[in-house]
Amino acid sequence: MINYFILTQPESEKLFCFAPLSQYPLRKRIAVRAADLAFFKLIDFIGRTAVFDVEGQENLDSINDAGRLPIYCTWHDRIFLGTYYLRGRGIVFLTSKSFDGEYIARFLQRFGFGAIRGSSTRGGAKALVEMIREMKRGIPMGFTVDGPKGPRYEAKSGAVLLAKKTGNPVLPFIVEPEKFYALNSWDRLQIPRPWTKAKVIFEKPIYVDEIADNAAMSAKLAELQSALDTLVERGKAWRESRRN
């Protein structure tokens, strides 16, 4: 296990600690622990061998310079290398309240992330309230905005609502591996090949006014959708350029 020193307030420390598994039978407890370790070891190995090229760092820096916190947003299929690249920064991600969410939360925590449990279908409102509270304590947040079950490449509104409630901007980003395998899953999850090169792109931050009405919120969600769609195309173009 890799240990990262994370500065949090005592009230927030629970987000970075494994949740108990007492509600699950022994077979599922074993499965959660096995999946957690397997994903952690795989991501850590491939991440260590990857070569990252970063574009748009000034967009992330501008948020810090403004005294704000980023709300990181990306697509579910590109979270594998994103997990490694953003490790150890004390970012809290929203993970689903499901069996899969148990081991996902655990391997995220091994990389220095925190986890708040909830989704668009289970515990979403409570999770959003908790995210607002933690951002006010100085903790950055993150979303895979088409998760946990899709539809693929269709952004949900949680990150935009969080931006409105906290004054912190949404930061669309992508980590595009040059060489990868795509799983036969709803999101076509990208599993990068070892020693791949990868392009990290941070887009311009999206701020949401605290008095934004429904029309303005819809426009901001469309802006997030457009930014992430554009990032996918930029990532593909970069990958194609590597072949020439």
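Parameters and conventions
- Each chain carries its own residue numbering, running from 1 in the direction its sequence is written.
- Whole-chain, interface and lining totals are the exception, using all residues; otherwise, since this is a predicted model, local features are given only for residues with pLDDT of at least 70 and side-chain atom pairs are given and counted only at 80 or more.
- Each side-chain value is worked out from all heavy atoms of the structure, with water and hydrogens disregarded.
- Secondary structure elements are taken from DSSP: a helix is a run of H or I of four residues or more, a strand is a run of E of two residues or more, and numbering for both begins at the N terminus.
- When a residue's accessible area, from a 1.4 Å probe over protein chains only, is under 20% of the maximum for its type it is buried; when over 50% it is exposed; and in between it is partly exposed.
- Aromatic pairing here means that ring centres of Phe, Tyr or Trp (its six-membered ring) are within 6.5 Å. Orientation follows from the plane angle: under 30 degrees is stacked, over 60 is edge-to-face, and everything else is tilted.
- Throughout this description, the term charge over a ring refers to an Arg CZ or Lys NZ atom that lies within 6 Å of the ring centre and within 35 degrees of the ring normal.
- Here, strands pair whenever DSSP counts at least two bridges between them.
- Angular values range over 0 to 180 degrees, each being the angle between N-to-C directions of two axes fitted as lines to C-alpha atoms, with helices fitted over their stretch in contact.
- The criterion used for residue contact is that any of the two residues' heavy atoms lie within 4.5 Å.

1. Details of the environment of K28
- Mapped onto the elements of the fold, K28 is located in helix 1 (residues 26–49).
- In this structure K28 comes out as partly exposed when scored by relative accessible area, which is 30%.
- Each C-alpha atom of the pair K28 and F99 lies 8.5 Å from the other, and the pair is 71 residues apart in sequence.

2. Quick notes on the packing of aromatic side chains
- What the rule picks out here adds up to 12 aromatic pairs.
- Plain terms: the ring middles of W75 and Y153 are 5.2 Å apart, the flat faces sit at 40° to each other, and that makes the pair tilted. Linking W75 in the loop between strand 2 (71–74) and helix 3 (79–85) with Y153 in the loop between strand 5 (141–144) and helix 6 (158–166), this pair joins segments that are 78 residues apart in sequence.
- Relative to F113, the ring of F93 has its centre 5.8 Å away and its plane inclined at 75°; by these criteria the two rings are edge-to-face. Here F113 lies in the loop between helix 4 (99–110) and strand 4 (114–117) and F93 lies in strand 3 (residues 92–95), a separation of 20 residues in the sequence.
- With relative accessibility at 5%, the residue F93 sits in the buried group.
- An aromatic cluster of at least three residues, connected via ring pairs, comprises F40, F52, Y84, Y85 and F111.
- Of note, K28 hangs over the ring of F99, and the distance from its end group to the ring centre comes to 5.4 Å.

3. So, the environment of E58
- Tracing the backbone through its elements, the reader meets E58 in helix 2 (residues 57–65).
- Distance from E58 to E203, taken between C-alpha atoms, is 9.3 Å for residues 145 residues apart in sequence.

4. Points about the sheet that holds strand 2
- Spatial ordering of the open sheet is given by 1-9-6-2-5-3-4, a layout of seven strands whose pairing is mixed. The open sheet has two edge strands, strand 1 (51–55) and strand 4, and neither has a second partner. Across this sheet, the average inter-strand angle for adjacent strands is 25°, counted without regard to direction.
- Bridge analysis of strand 3 against strand 5 gives two bridges, and the strand direction is parallel. The partner of F93 across the bridge, within strand 5, is G142.

5. Considerations on helix 4
- With respect to burial, helix 4 is a largely interior element, nine of its 12 residues being buried.
- G101, E102, Y103, A105, R106, F107, L108, Q109 and R110 are the residues of helix 4 that are buried.
- Close packing links the buried residues of helix 4 with helix 1, helix 3, strand 3 and strand 4.
- Phi for G112, located one or two positions after helix 4, is positive at around 90°.

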